[in-house]
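Coordinates in review
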Amino acid sequence: MRPQAIRFSSGLFALALLLTAPRAVAVDAASSTAPADAMAQAVSPQAIAEYRRQLKEYQAARASFEAEASTYWSMVAEKRRGRNAKRREHQAIALDDYVLTQPPIYSGPKQPVNPSPEPAEPVEPRVRKAIPLVTDLLKAAAEHFQFVPERPASEVEFKRAYARTALAAGLTREQAVRVYSFETGGNGNHDMQSGLSATRPTSRAISTAIGYNQLLTTNSVELLAEQGPEFLRVLSEKASRLSGTPRSAMDRKIAVLKRMVTLARSVPDEWAQHEKLGDTPQGWALHAMVLDIDVGPLLQTHKLLTSVVFARIKGYARALTAAELEMMNLTGDSTGLDMVTMPQAIREQVPTSNFFQRSGYERNPVAIRHNTVAKLLAITDSRMDSNSNLPGAKELAGAF
């Protein structure tokens, strides 16, 4: 089951707070509070009165804004429920089935600074959740399945394997190359992890997304659960054409893949359950298959193919453009198809906020800046145009 929430709205991570130096703890308590006491005594009654006036004004403005925002986002949710009901009844979706105004923006006074602040309560630093890296995935595969994914001899070898798999599945070169260009910036490798960069030694992973279409651990678990039998069929056909040592290696890979598929299918076919499994070392082991020269291209291809098939099942006969496919890839099939099926005239009027929860929208500067469906698709196309001219994208295009 594909997620219906905007994927890139949930991939943000808070920065860890800096720890204070140990020496600061040793400061005498009395001397540390003395400056604050002196400051409080120095503040005039007039300054305190002015602060309280400004605070009251700020609180009133924020309360008014929150009431307006709450009404707006409730309307977005109500319209979404209405569209879903219409689709279930096979009724046409019209312009008035969307909220056509942009979300309210707070424009009132800023929160005033207290001239005599209370002593600050100690704040516990946030603990950053460890994100498994490629080395962790490989270690998990070795520990839980006694298996090492077969890595390509070169990047172009993986691209050729991906191109063959994509074409055989019915994807076009334009779809595959342009989505790759958008997801990886036009130069990504098969083991590229979101947030990491070879040109930035201090960079660090911001999610488990890996590869040409940036699959998360949850994606890998879900695809193995839902498409596992097809993957096993493809590998079995390959094995039938091999002999000797290569055949033995492929048979071993098929046996491991069967165990992985069984594990992926051991939980309910729901995104939340796949996510929970993907957050374990066993799930990391499944995700390691995205690096394998035989299984990786299948995972990458079917990540996009499921959206193409979903659109076809829903009666959308026209071939998806790469930007439209990317919307479904990013947002989930149902939400993405909602945008894709709009006529251009409606796309130009419908705000992107219709496809977000409030928290996700407010953390997404791209959706805020390009605030209609037409604008969001246009910037996606523009970035695909630009990134398709980079060496990695050209090499992938040449593999088709």
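See above for the structure.
Overview of the structure. (Residues numbered from 1 in each chain as written. Predicted model: local features only at pLDDT ≥ 70, side-chain atom pairs only at ≥ 80, totals over all residues. Heavy atoms only, no water.)

1. Concerning the overall build of the chain
Quick note on the threshold: The helix count covers DSSP runs of H or I at least four residues long, the strand count covers runs of E at least two residues long, and both are numbered beginning at the N terminus. Only protein chains enter the accessibility calculation, which uses a 1.4 Å probe; a residue is then buried when its area is under 20% of its type maximum, exposed when over 50%, and partly exposed in between. We call two residues contacting when some pair of their heavy atoms lies within 4.5 Å. Surface accessibility follows the Shrake-Rupley procedure with a 1.4 Å probe radius. Residue values consider only the protein chains on display as shielding.
Helix and strand counts for the chain stand at 18 helices and zero strands. Across the 400 residues that make up the chain, the buried fraction comes to 43%. When contacts within the chain are restricted to residue pairs at least 6 apart in sequence, long-range pairs at least 24 apart make up 73% of them. When the accessible surface of the chain is summed, it comes to about 21,400 Å², and 56% of that surface belongs to carbon and sulfur atoms.

2. What about the pattern of salt bridges?
Any two side chains of opposite charge can pair, given that their charged atoms come close. Quick reminder of the rule: Salt bridges, as used here, are contacts in which a Lys or Arg side-chain nitrogen is within 4 Å of a carboxyl oxygen on Asp or Glu.
As enumerated under the stated definition, the model contains 22 salt bridges in all. Where Asp97 meets Lys86, a salt bridge forms, and the shortest distance between an N and an O atom there is 2.9 Å. Pair noted here: Asp97 is in the loop between helix H3 (45–88) and helix H4 (134–145) and Lys86 is in helix H3, with a separation of eleven residues, a long-range link. Here Asp97 falls in the buried class, since its relative accessible area comes to 12%. Between Asp279 and Lys129 there is a salt bridge, and its shortest N-O distance comes to 3.0 Å. Separated by 150 residues along the polypeptide, Asp279 in the loop between helix H9 (271–278) and helix H10 (281–287) and Lys129 in the loop between H3 and H4 bring together distant segments of the chain. With relative accessibility at 54%, the residue Lys129 sits in the exposed group. In this structure, a network of salt bridges that share partners links the residues Glu150, Lys238, Lys253, Asp292 and Asp294.

3. Some remarks on the environment of Tyr72
Condition: Polar contact is defined as a pair of N or O atoms within 3.5 Å, subject to the rule that within protein one atom must be able to donate a hydrogen and the other to accept it, and that residues adjacent in sequence are counted only when both atoms are side-chain atoms.
Secondary-structure assignment places Tyr72 in helix H3. On the basis of relative accessible area, Tyr72 is assigned to the buried category, the value being 6%. Distance from Tyr72 to Gln102, taken between C-alpha atoms, is 8.9 Å for residues 30 residues apart in sequence. Leaving out residues up to four positions away in the same chain, Tyr72 has contacts with Val99, Thr101, Gln102, Pro103, Pro104 and Ser353. Within the structure, Tyr72 has its side chain in polar contact with the backbone oxygen of Thr101 (distance 2.6 Å).

4. Some details on the nonpolar core
Defined as follows: Only buried residues count toward a nonpolar core. Its members are Ala, Val, Leu, Ile, Met, Phe, Trp, Tyr and Cys residues joined through side-chain atoms within 4.5 Å.
Ranked by size, the top nonpolar core spans 48 residues in total, and within it Tyr162, Leu320, Met342, Val350, Phe355 and Val373 carry the most contacts. Examining the composition of this core, we find that six residues originate from one element, helix H12 (residues 322–331), more than from any other. Phe147, Leu235, Ala264 and Ala288 belong to the second largest nonpolar core, which has 34 residues in total.

5. Focus: H4
This is how it is decided: Each helix should span, by expectation, one fewer than its residue count multiplied by 1.5 Å. The arc in question is traced by the directions running from the helix axis to the C-beta atoms.
An ideal rise of 1.5 Å per residue puts 16 Å on twelve residues; H4 measures up with 16 Å between its terminal C-alpha atoms. By the burial criterion, the buried members of H4 are Val134, Leu137, Ala140, Ala141 and Phe145. Projected down its long axis, H4 shows its buried positions confined to an angular sector of 120°, all on one face. Projecting away from the buried face of H4 at angles above 90 degrees are the exposed residues Thr135 and Lys139. Elements in contact with the buried residues of H4: helix H8 (244–264) and H10. Where H4 ends, the next residue or the one after it, Gln146, has phi of about 50°, a positive value.

6. Thoughts on the packing of helix H6 (residues 173–184) against helix H17 (residues 373–387)
Keep this limit in mind: Axis definition: a line fit to C-alpha positions, over the contact stretch in the case of helices; interaxial angles, taken between N-to-C directions, run 0 to 180 degrees. Roughly parallel here means an angle under 35 degrees, roughly antiparallel means over 145, roughly perpendicular means 65 to 115, and every remaining angle is called oblique. Classes in brief: Ala, Val, Leu, Ile, Met, Phe, Trp, Tyr, Cys and Pro nonpolar; Asp, Glu, Lys and Arg charged; the others, Gly included, polar.
Remark: H6 packs on H17, axes separated minimally by 8 Å, with the N-to-C direction vectors making an angle of 95°. By the angle between their directions, the pair H6 and H17 is classed as roughly perpendicular. Note on element contacts: H17 touches H6 through Thr380, Asp381, Arg383, Met384, Asp385 and Asn387, opposite Arg178, Val179, Ser181 and Phe182. In terms of residue class, the contact of H6 with H17 is made up of three nonpolar, three polar and four charged.

7. Quick look at unusual backbone geometry
Within the chain, His90 stands out as a residue other than glycine whose phi angle is a positive 60°. Here His90 lies in the loop between H3 and H4. At Gln214, a residue that is not glycine, the phi angle is positive and equals roughly 50°. One can find Gln214 in the loop between H6 and helix H7 (217–240).

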